[in-house]
Amino acid sequence: MTRTHPARLLLLLSVFLWKSCSCVFALSTHRRLACSRPSSPRAAAAYRNHLDDESLDIGSYIATCIPGLSDALSDELRTLGCQDVERSASSAVRFNANTQTALKALLWTRTSHKVMEFLCESPPTLKSREDLHRFILDAVPVKELLGDGRGGLLTLSVGVILNNPSKIPKDINHSHYSALTVKNALCDAVRELRDDRPNVDLDDPDVPLTAVLLGTDSGARVSLYRQLHNGSLHKRGYRSGAIHKAAMKESLAAGLLLTAGWDQKCRDARREDDAVVLLDPMAGSGSLLLEGAMMAVDLAPGLMRIKCGLPGHSMPPVVRWKHDGDMRVVDEWKALLLDATSRAKSGLRWMQSTDTVEILGNDIHDGALNLFENALDAAGLRRLVQLEEGDCSDWKPKPKREGTPFIVVSNPPWGVRLTEDMSESWESMRIFLRECCPSGTEAWVLSGNAEATKHLGLRRSQSLALKTGDQDLRWLQYILRDRSEILAEIEEKKSRRKDLNPYASKPAKRIQDTGRKNSSVPSKAKENFKQAERRRQAAIGNEWMID
Ligand SMILES: C[S@@+](CC[C@H](N)C(=O)[O-])C[C@H]1O[C@@H](n2cnc3c(N)ncnc32)[C@H](O)[C@@H]1O
């Protein structure tokens, strides 16, 4: 017989209340704060109805990432089972999810920086600190937000993000003072209920809040979110102490690898024994290869954060504010951690016993390689990556299985101005790609300098635009082929064209190739084409006569 949990009764009651309540803020069980604006309100409502009483567990979330990686993040969220995934900006994705799926997003997404639950939103009419204070005081049910379910209070922190700041009224156009206003309003709301106030904890708060102020023509709109975790998720914890001065963020490295399809190649390797080698000839402190190794092992970034001892991740805020005496959220989190641990263990065993997936790195500086080795040790992945030291133009990587295809991923040095040293590095990269990689190699290079990439003398086949800090970057794909192979292909094309039109001269072919009139074709070329065409017609005419 099914036993009805008291929390479940409460849950049904709150559905009723929720449905009959039209205020901006609504409540449900587990101290869940339902939202007035899901990622797509209609979609979220439909999803809630569809799931019936389970619908109470559906929340609206937003995840942020490096600008340019929102497609990669959206794919990750969809794969984890999130619903109504919708890119809201180049660096943000909205989605709806139940608690378990939201916990998965926290544990498994590799490109996210923040995952936050949407709480409430004001009309776009805020003009002053008083307006902001009043809205927070009235709209936020602090008992549910800050009560710990046992009569005590949870700790909090408030951060503010200013969007479209030129249109935010001056009085609230300051992140620090607006954060203070939001925090004071919450404390006042608690004081109205009890003779107490919540503590602020800037290191590991139970309820890390983010208020986003958006400037509009009619005033500012505030949207309040609570983060599921503390700190930025781009950190895995395997780096400590000295950091390579050009190290890329772990989340960026992961996003670049996902864009290059490395995760899929790892899955194919495991399922079909399709061998593949991942190489970085200028590995530095190894972000790309470390993230590549984590994907090959199927190791969750959240698990790495716990293994490496990043504070607050084994019992993240979402688990603290969701359980409210009902241990189901704690149990769900534990089950997800157990599942992730068993996947990682089996992936590690497989990687150590196979040569289907190999990971090879190289760098010219031993200092960079030392940092890489330290990070590999911290991550427990030391045995999965082979490292060499030297100029990559001399690097001759040898996979254990002959003929295994190469995937090269790298970010050679670049600067605002290309110095001589950098030109040399790009020249070495050119030699490495042209002379040390087999035909068919897929090379992906991150560059922040268009002049630098010209050194490669290669034609890119794909390009993804990204932004870190104020730098515009490109993740460029090149498919490498042997010179002899390219020449043979050109010859074959030429002879095919000749077969089609034995009299055609070069410009005439250009017109035929595109099938369009090209005004940029010089008139002399047009004349040549016409003459060739006349000769061809005449030749056909003669043949007819002979027949
Ligand atoms: C931008 S950093 C790479 C940073 C790395 N992706 C990370 O996250 O730590 C470029 C690296 O290229 C290395 N490098 C430069 N020229 C090289 C060459 N000719 N051969 C091998 N490595 C080179 C530098 O030592 C530096 O570590």
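Residues numbered from 1 in each chain as written. Predicted model: local features only at pLDDT ≥ 70, side-chain atom pairs only at ≥ 80, totals over all residues. Heavy atoms only, no water.

- The chain goes by THUMP domain-containing protein in an unreviewed UniProt entry, where it is assigned to Phaeodactylum tricornutum.

1. Section: a nonpolar patch on the surface
Step number 1: Together, Ile486, Leu487 and Ile490 give the surface a local cluster of nonpolar side chains, amounting to about 250 Å² of exposed area.
Step number 2: Looking at the element boundaries, Ile490 is found in helix H17 (residues 483-500).
Step number 3: By relative accessible area, Ile490 is classed as partly exposed at 41%. (Patch = residues over 30% accessible without salt bridge, like charges linked within 9 Å, V, L, I, M, F, W, Y side chains within 5 Å. Areas by Shrake-Rupley, 256 points an atom, 1.4 Å probe, with all protein chains shown as cover. Salt bridge = Lys/Arg side-chain N within 4 Å of Asp/Glu carboxyl O. Helix = DSSP H or I, 4+ residues; strand = E, 2+ residues; numbered from the N terminus. Buried < 20%, exposed > 50% of the residue type's maximum accessible area, 1.4 Å probe, protein only.)

2. Description of the sheet that holds strand E14 (residues 442-447)
Step number 1: Reading across the sheet, the seven strands line up as E12-E11-E10-E13-E14-E16-E15 and stay open at both edges, with mixed pairing between neighbours. Both outer strands of the open sheet, strand E12 (385-389) and strand E15 (462-468), are each paired with one neighbouring strand and no more. Between one strand axis and the next, the sheet turns through 15 degrees on average, direction left out of account.
Step number 2: Here seven bridges tie E15 to strand E16 (residues 471-479), and the two strands are oriented antiparallel to one another. The partner of Ser463 across the bridge, within E16, is Leu476. (Pairing = 2+ DSSP bridges. Axes fitted to C-alpha atoms, helices over the stretch in contact; angles between N-to-C directions.)

3. Examining the site of the ligand
Step number 1: Surveying the vicinity of the ligand reveals 23 residues, the closest of which are Ser285, Ser287, Asp363, Asn411 and Ser425.
Step number 2: Ser285 has a polar side-chain atom sitting 2.6 Å from an oxygen atom of the ligand.
Step number 3: For the ligand, whose accessible area on its own is 600 Å², the fraction buried by protein is 94%.
Step number 4: Residue assignment for the shell around the ligand shows that the elements contributing at least two residues are strand E11 (357-363) and helix H15 (420-436).
Step number 5: The residue inventory of the shell around the ligand, partitioned by class, reads nine nonpolar, 11 polar and three charged. (Near = heavy atom within 4 Å. Polar contact = N/O pair within 3.5 Å; in protein donor to acceptor, adjacent residues only side chain to side chain. Nonpolar A, V, L, I, M, F, W, Y, C, P; charged D, E, K, R; others polar.)

4. Concerning the packing of helix H4 (residues 99-108) against helix H13 (residues 328-353)
Step number 1: As a packed pair, H4 and H13 sit with axes 10 Å apart at the nearest point and diverge in direction by 45 degrees. With respect to each other, H4 and H13 are oriented oblique. Here the hand of the crossing between H4 and H13 comes out right-handed. Across the interface between the two elements, Thr99, Gln100, Leu103, Lys104, Leu106, Leu107 and Trp108 of H4 pack against Val329, Glu332, Trp333, Leu336, Leu337, Ala340 and Arg343 of H13. (Parallel < 35°, antiparallel > 145°, perpendicular 65-115°, else oblique. Left-handed = near helix turned anticlockwise from the far one by under 90°. Contact = heavy atoms within 4.5 Å.)

5. Points about unusual backbone geometry
Step number 1: For Asp84, which is not a glycine, the phi torsion comes out positive at approximately 50 degrees.
Step number 2: Counting through the fold element by element, Asp84 comes out in strand E4 (residues 83-89).
Step number 3: Phi at Asp273 takes a positive value of approximately 60 degrees, unusual for a residue other than glycine.
Step number 4: Mapping Asp273 onto the fold places it in the loop between helix H9 (262-272) and strand E10 (276-280).
Step number 5: For Asp273, a relative accessible area of 43% gives the class partly exposed.

6. Details of the pairing of E14
Step number 1: E14 sits mainly inside the fold: six of its six residues count as buried.
Step number 2: Sheet topology note: the strand E13 (residues 406-410)/E14 ladder contains four bridges and is parallel. If you follow Ile407 over to E14, its bridge partner there is Glu442.
Step number 3: The pairing of E14 with E16 spans six bridges and is antiparallel. Considered in E16, the bridge of Leu446 is made with Trp475.

7. Considerations on the pattern of salt bridges
Step number 1: Here the structure, examined in full by the defined rule, presents 25 salt bridges.
Step number 2: With a shortest N-O distance of 3.8 Å, Arg134 and Asp131 are connected by a salt bridge. Of this pair, Arg134 and Asp131 both sit in helix H5 (residues 129-139), three residues apart, which is roughly one turn of the helix.
Step number 3: Residue classification places Asp131 among the buried positions, given a relative accessible area of 19%.
Step number 4: Note that Lys454 and Glu451 form a salt bridge whose closest N and O atoms lie 3.1 Å from each other. Residue Lys454 and its partner Glu451 are both found in helix H16 (residues 450-454); the two are separated by three residues, about one turn of the helix.
Step number 5: For Glu451, a relative accessible area of 46% gives the class partly exposed.
Step number 6: Each of Asp204, Asp206 and Arg320 takes part in a single network of salt bridges with overlapping partners.

8. Considering the sheet that holds strand E6 (residues 114-121)
Step number 1: Here seven strands make up an open sheet; going across it, the order is E4-E5-E3-E6-E9-E8-E7 and the pairing mixed. Each edge of the open sheet carries a strand with a single partner, namely E4 and strand E7 (156-163). Each strand of the sheet is rotated relative to its neighbour by a mean of 30 degrees, with strand direction disregarded.
Step number 2: Two strands pair when backbone bridges link them, and strand E8 (residues 207-216) and strand E9 (residues 219-227) are joined in this way by eight bridges, in the antiparallel orientation.

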